[in-house]
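# Report on the structure
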Amino acid sequence: MTTRTITMLNGDGIGPEVMDATRKILEAARAPLEFEHAHIGAEAAARYGTNLPDATIDAVLKSGVGLKGPTATGIASGQQSANVALRKRLDLYASLRPVKSVPGVKTRYEGVDLVVVRENTEDLYAGLEHIVVPGVVESLKIITEKASTRICRFAFEYARKHGRKKVTAVHKANIMKLSDGLFLDCFRAVSRDFPGIAAEEVIVDNLCMQLVRNPERYDVMVMENLYGDIVSDLCAGLVGGLGLVPGANIGASSAVFEAAHGTAPDIMGKGLANPTALLLSSVMMLDHLDLPAEARRIEKALDTVFRDGRVKTRDLGGSASTAEFTQAIIDAMV
Ligand code: NAI
């Protein structure tokens, strides 16, 4: 089997700790991977004067796959967030966040199984703002046919590949008739190419209400950048929070897998971080690399440890350290 190179981007805060745990588990799962390290975030800023050096971009472009820890924003003052810059420079246009109930983690809901597909490159996040006159600021929302079509196609193709039944377009076209109207037009046009998958539309505020009442109503959801940012965190809350939710940012020629949580400065260096979110992101990465046996091996071991419930990190009400939790997963691997 060919060994694939993964570019490891540790990031800041608890990044190196959750990365180390994830790497140990990937190695124990006998995944045919080779790891190379590239710099991002505060560590990169201290060394290169920028939180995202060209060498890091080149490394991800060459390997095609990055595994990334969280990065702190506002460290290199005046610099754009390393996350936003990475997505822009690699044109990682699709943010993918599967949100699934975790066995043994008690929440208000059971059997949640949602996928949020978020457009990553435009909308109000284009960063086009200016002061019109003192006291009045204008912020531009950019929606294009090209990006909307691309993200809707991504959502339907994801649904087809993963045997999903329905894709819901989330919008506010009743108010933003032109911009969200264009997004919906693109969604409708793309949906015609996928007759086996139901296409549904819902207004974003109604969606939020429906999700907290009845999350099993939804399957794959596709939306513009800002709605996706908010709805994906809402969905993470349904299954126990950001510490449990994986993510990926995917482009035409590279993909970066990363947890949804931040650098957790309050627990940094204490050996208390929960590596589950990055580990589940690495499971997505294994599937992306067409390594399903290794992906399922890790998923099953994690499932065993959660169901057993004896070894849990503190954020989930347990007392295990990162190292103890990591070892429990390795021990549960068959
Ligand atoms: P945070 O996610 O870092 O922390 C929020 C709370 O959750 C803290 O109490 C933290 O201890 C806990 N927590 C987060 N991840 C955990 C884990 N894996 N295990 C155990 N507990 C965990 O959010 P916060 O404090 O708002 O942000 C801190 C920094 O992270 C900021 O600089 C922010 O910009 C950055 N950030 C980076 C992200 C990324 O790189 N993808 C995403 C979100 C925030």
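Residues numbered from 1 in each chain as written. Predicted model: local features only at pLDDT ≥ 70, side-chain atom pairs only at ≥ 80, totals over all residues. Heavy atoms only, no water.

## A few points about the site of the ligand
The local shell around the ligand holds 19 residues, among which T73, N83, G262, A264 and D266 are the closest. A distance of 3.4 Å separates a nitrogen atom of the ligand from a polar side-chain atom of E258. Between a nitrogen atom of the ligand and a side-chain N or O atom of H261, the distance comes to 3.3 Å. Here the shell around the ligand is built from residues that sort into 8 nonpolar, 7 polar and 4 charged. (Near = heavy atom within 4 Å. Polar contact = N/O pair within 3.5 Å; in protein donor to acceptor, adjacent residues only side chain to side chain. Nonpolar A, V, L, I, M, F, W, Y, C, P; charged D, E, K, R; others polar.)

## Quick look at the sheet that holds strand β12 (residues 255-258)
Strand order in this open sheet of 10 strands is β2-β1-β3-β12-β11-β4-β5-β10-β8-β9, and the pairing throughout is mixed. Looking at which strands have only one partner, the edges of the open sheet turn out to be β2 (33-37) and β9 (198-203). Each strand axis lies, on average, 25° off the axis of its neighbour in the sheet, ignoring direction. The sheet contact formed by strand β4 (residues 94-100) and strand β5 (residues 113-119) spans 7 bridges and is antiparallel. Along β5, the bridge assignment pairs K100 with D113. Relative to strand β1 (residues 4-9), helix α3 (residues 54-63) is tilted by about 150°, and along the sheet it contacts β1, β2, β3 (65-68) and β12. (Pairing = 2+ DSSP bridges. Helix = DSSP H or I, 4+ residues; strand = E, 2+ residues; numbered from the N terminus. Axes fitted to C-alpha atoms, helices over the stretch in contact; angles between N-to-C directions. Contact = heavy atoms within 4.5 Å.)

## Looking at the domain arrangement of the protein chain
Segmentation of the protein chain into domains returns domain 1 (1-107 + 242-334) and domain 2 (117-238). Here the C-alpha centre of domain 2 lies 25 Å away from the C-alpha centre of domain 1. Counting residues at the interface gives 15 residues for domain 1 and 15 residues for domain 2. When domain 1 packs against domain 2, the two sides together hide about 1,400 Å² of surface, and 55% of this comes from carbon and sulfur. Counting across the interface, domain 1 meets domain 2 through 2 salt bridges. Joining domain 1 to domain 2, the criterion identifies 8 residue pairs in polar contact (both at pLDDT 80 or more). Listing elements by their share of the side of domain 1 that touches domain 2, those giving two or more residues are α4 (82-89), β4 and β11 (248-250). Looking at the side of domain 1 that touches domain 2, its residues break down into 8 nonpolar, 3 polar and 4 charged. (Domains from an automatic or database assignment. Buried area = accessible area lost by both parts, 1.4 Å probe. Salt bridge = Lys/Arg side-chain N within 4 Å of Asp/Glu carboxyl O.)

## What to know about the packing of helix α1 (residues 15-28) against helix α9 (residues 276-288)
Their axes nearest at 9 Å, the elements α1 and α9 cross at an angle of 45°. Relative to α9, the element α1 is oriented oblique. Crossing hand, α1 versus α9: right-handed. Across from V18, M19, T22, I25 and L26 in α1, the residues of α9 making contact are L278, L279, S282, M285 and L286. In terms of residue class, the contact of α1 with α9 is made up of 8 nonpolar, 2 polar and no charged. (Parallel < 35°, antiparallel > 145°, perpendicular 65-115°, else oblique. Left-handed = near helix turned anticlockwise from the far one by under 90°.)

## Thoughts on the packing of helix α5 (residues 145-161) against helix α6 (residues 179-191)
It is at 9 Å that the axes of α5 and α6 come closest, and there the two elements cross at 45°. Judged by the angle between their axes, α5 and α6 are oblique. As α5 packs across α6, the resulting crossing turns out to be right-handed. Taken together, the residues of α6 that come into contact with α5 (itself represented by E145, S148, T149, I151, C152, R153 and F156) are L182, F183, C186, F187, V190 and S191. Of the residues that constitute the contact of α5 with α6, the class distribution is 8 nonpolar, 3 polar and 2 charged.

## So, the pattern of salt bridges
Once their charged atoms are close, side chains differing in charge can pair, the charge on each being opposite to the other. What the rule picks out here adds up to 22 salt bridges. Its salt-bridge partner being D20, residue K24 comes within 2.9 Å of it at the nearest N-O pair. Highlighted residues: K24 and D20, both in helix α1, separated by 4 residues, approximately one helical turn. For D233, the salt bridge identified is with R97, shortest N-O distance 3.1 Å. Within this pair, whereas D233 is found in helix α8 (residues 225-238), its partner R97 is found in strand β4, the two being separated by 136 residues in sequence. Through salt bridges with shared partners, a single network forms among D123, K141, D180 and E224.

## Notes on unusual backbone geometry
Unlike most non-glycine residues, D123 shows phi in positive territory, near 70°. For D123, the location among the structural elements is in the loop between β5 and β6 (129-133). With a relative accessible area of 1%, D123 lands in the buried category. At D290, a residue that is not glycine, the phi angle is positive and equals roughly 65°. By the element assignment, D290 lies in the loop between α9 and α10 (292-308). (Buried < 20%, exposed > 50% of the residue type's maximum accessible area, 1.4 Å probe, protein only.)

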